[in-house]
Amino acid sequence: MAISRSFVLFLLISLFGFGLAEIRFTEIRSDDRPIIPFDEFGFTHTGRLELNVSQIALSDPNQDLDLSKVGFFICTPDAWMHVLQQLEDGEATCALSSDLVKVVSNFKSLNGKSSFDTVYQENDADQYFLIFANCLSQVKVSMNVRSAMYNLDGKKNRRDYLSAGKTILPRVYFLLSLVYFTLAGIWIYVLYKKRLTVFKIHFFMLAVVILKAFNLVCEAEDKSYIKRTGSSHGWDVLFYIFSFLKGITLFTLIVLIGTGWSILKPYLQDKEKKVLMIVIPLQVVANIAQVVIDENGPFGHDWITWKRVFLLVDVVCCCAVLFPIVWSIKNLREAARTDGKAAVNLMKLTLFRQYYIVVICYIYFTRVVVFAFETITSYKYLWTSVVAGELATLAFYVFTGYKFKPEAHNPYFVIDDEEEEAAAEQLKLEDEFEL
């Protein structure tokens, strides 16, 4: 059973990641788990691991315990899969005894002391897990752990606390923030030039772009400080705040555009309000889960639970925002048959169909394709999956702004009789839109 839990935990860690290996301080209290994962890091040929463990205490003071079965080791993701298989098949009784792992330190070297410090040098470039193993059954461990994983960079051997493959992320996020600030400036210019046809939704769109820009600035600074010092120096707090605001406003914007609020109608129906009442609280839960996941790491008892909560809530939110778009498409189809404005309704219908498809593509790409891309990409190029996700988000923002920008003749142009007749015929001939 313990091996099965370890396997599930390994899958979640390897598939979704959990940190950037900044300096971590961890308290373990009366923990009897056989496997406790601490961190993940991509080493170059100048990799280092600093491990400071203090206040070590075992629930069983028996001097005859084989303390070589308790300690820390590192191993690659592929090696860890094979170690789990060895444990399952009985080929190894303890992960520390496997020839596939690299033992950093075990408790046999304590010699009666309650603490130890070690610096482990790793010259084989690869991605590694730092894991604590306790192969003594019914023995609980308490300790304080300070871990720092880094690569030495340049002639001056500067410490780089960002994993290999993520070390350029500060520059990536900063450049993207400049792009969004530029977009915000362009949008402000558009709103000013067409101020007579601006709706409330257009100002809301501006707020979403600005929040995204500040979110990227904070993330750039957060990663920059971690890269240089191993600590975010408070920038993680600002990042979480803007990430929270950005997430809520983005999903709210998708819902509002999907309902046609402010563009097609000045109000929300009860069922549309209910969608917002579902999406906004779920986004609050998702952001809380994300903070817990990032700050606690997989060594926490509830890390898997919070990860599952985050994934479930994210899926529910992504599905919920599609309903208003579907309702708007159905309403426009019904209106096209009754109000005699076939051409205008056809344009609206075409726009909302496009938006529906783009929202699905955006969700699918950022949740599935980027994830798949990250799993097949070498640890040295993990930044490419981040760039892919951010470029998809940028494309979605640009599409939304372009398609729903203020128009002089809202919603679209003046229609002559010939166009009206052609649109009416097209509405009669076209098949039902499958959602």
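Preceding block: the structure.
## Considerations on the pattern of salt bridges
- The tally for this structure, following the rule as stated, stands at 11 salt bridges.
- Asp 124 is paired through a salt bridge with Lys 102; the nearest N and O atoms lie 3.0 Å apart. Within this pair, whereas Asp 124 is found in the loop between strand 6 (116-122) and strand 7 (126-134), its partner Lys 102 is found in strand 5 (residues 102-106), the two being separated by 22 residues in sequence.
- By relative accessible area, which is 45% here, Asp 124 ends up partly exposed.
- Accessibility expressed as a relative area gives 25% for Lys 102, which makes it partly exposed.
- Through salt bridges that share partners, Glu 50, Arg 146 and Arg 159 make up one connected network.

## Comments concerning unusual backbone geometry
- Of note, the phi angle at Ser 30 is positive, near 45°, even though the residue is not glycine.
- Positionally, Ser 30 belongs in strand 1 (residues 24-31).

## Side note on the state of the cysteines
- Taken as a whole and assessed by the stated rule, the structure comprises one disulfide.
- Each sulfur in the disulfide pair Cys 94 and Cys 135 lies 2.0 Å from the other. Linking Cys 94 and Cys 135, the disulfide has an S-S dihedral of approximately 75° and is accordingly described as right-handed. Here the residue Cys 94 occupies a position in the loop between helix 2 (77-89) and strand 5, and Cys 135 occupies one in the loop between strand 7 and strand 8 (141-153), the gap between them amounting to 41 residues.
- Owing to a relative accessible area of 2%, Cys 94 belongs among the buried residues under this scheme.

## Digging into the pairing of strand 8
- Across the 13 residues of strand 8, 11 count as buried, placing the element largely inside the fold.
- Of the strand pairs in this sheet, strand 1 and strand 8 are connected by six bridges, and their pairing is antiparallel. Within the sheet, the bridge partner assigned to Asp 31 lies in strand 8 and is Val 141.
- With 10 bridges joining them, strand 3 (residues 47-58) and strand 8 adopt antiparallel strand pairing. In the strand pairing of strand 8, Val 53 is matched with Val 145.
- Bridging between strand 8 and strand 9 (residues 158-160) involves three bridges; their strand directions are antiparallel.

Cut-offs applied
Residues numbered from 1 in each chain as written. Predicted model: local features only at pLDDT ≥ 70, side-chain atom pairs only at ≥ 80, totals over all residues. Heavy atoms only, no water. Salt bridge = Lys/Arg side-chain N within 4 Å of Asp/Glu carboxyl O. Helix = DSSP H or I, 4+ residues; strand = E, 2+ residues; numbered from the N terminus. Buried < 20%, exposed > 50% of the residue type's maximum accessible area, 1.4 Å probe, protein only. Disulfide = S-S within 2.5 Å. Pairing = 2+ DSSP bridges.

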